[in-house]
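Residue strings, one per chain:
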Amino acid sequence: MLPVAIYLVVTAAVVALATVRNYVLTGGKLVPVQSLFWELNVQDVLYYDLSKEEGLDHPEGMTLDYFIEQERQMLVANGVSPDYSEIHEP
C-alpha cells in the first residue's frame, strides 16, 4: 500500500505545482493542466464521435485525420485561420 500512497502523493504534487504556476502566470485565472484538459474534455469526445460515425474498427490513420479536421473546424468557428503558414511567417 505504501508505494501506491507515495505514487498518489507525488502525482498530486506535480499537478498542484503546474496548477499553481498557471494560476500565477494568468493573473488569478484557474487554468487546468493542458494535457489533462485535452484528454478529459476534448479527446474523449472526439474518440466517441468518431467511433459513433465510423465504428470501432475504422481504417488506420482515420483517427489522426479526424482529429486534424475537427481542430480545423474549431479554429474556423472561433475566427482563427487554420492556415498555419499565416501564423508562422518567416
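Okay, so let's go over this structure. (Residues numbered from 1 in each chain as written. Predicted model: local features only at pLDDT ≥ 70, side-chain atom pairs only at ≥ 80, totals over all residues. Heavy atoms only, no water.)

**A few points about the environment of Tyr 23**
Following the sequence through the fold, Tyr 23 ends up in helix α1 (residues 2–25). In contact with Tyr 23, other than residues within four places in its own chain, are Gly 28, Lys 29 and Leu 30. (Helix = DSSP H or I, 4+ residues; strand = E, 2+ residues; numbered from the N terminus. Contact = heavy atoms within 4.5 Å.)

**A look at the nonpolar core**
Counting residues in hydrophobic clusters, the biggest one holds 5 residues: Val 42, Leu 46, Leu 50, Tyr 66 and Phe 67. Listing elements by their share of this core, those giving two or more residues are α2 (34–54) and α3 (62–77). A total of 3 residues in this core trace back to one element, the largest contributor, which is α2. (Core = buried A, V, L, I, M, F, W, Y, C linked by side-chain atoms within 4.5 Å. Buried < 20%, exposed > 50% of the residue type's maximum accessible area, 1.4 Å probe, protein only.)

**Details of α1**
The periodicity of an α-helix, 3.6 residues per turn, causes residues three or four places apart in sequence to face the same way. An ideal rise of 1.5 Å per residue puts 34 Å on 24 residues; α1 measures up with 35 Å between its terminal C-alpha atoms. Among the residues trailing α1, Gly 27 stands out with phi positive, at a value near 70°. (Expected span 1.5 Å × (residues − 1).)

**Here we look at the pattern of salt bridges**
In total, this model carries 1 salt bridge according to the counting rule given. Across the pair Glu 69 and Arg 72 runs a salt bridge whose closest N-O atoms are separated by 2.9 Å. Highlighted residues: Glu 69 and Arg 72, both in helix α3, separated by 3 residues, approximately one helical turn. Judged by relative accessible area, Glu 69 falls into the partly exposed class, the value being 30%. (Salt bridge = Lys/Arg side-chain N within 4 Å of Asp/Glu carboxyl O.)

**Some details on α3**
Compared with the 22 Å implied by 1.5 Å per residue over 16 residues, the 22 Å span of α3 between its first and last C-alpha is a close match. Backbone geometry just downstream of α3 places Gly 79 in the positive-phi region, at approximately 75°.

**A short note on the packing of aromatic side chains**
As enumerated under the stated definition, the model contains 1 aromatic pair in all. Taking 5.2 Å as the distance between ring centres and 55° as the angle between the ring planes, the aromatic pair formed by Tyr 47 and Phe 67 counts as tilted. Here the residue Tyr 47 occupies a position in helix α2, and Phe 67 occupies one in helix α3, the gap between them amounting to 20 residues. When its relative accessible area of 36% is taken as the criterion, Tyr 47 is described as partly exposed. (Phe/Tyr/Trp six-rings, centres within 6.5 Å; stacked < 30°, edge-to-face > 60°.)

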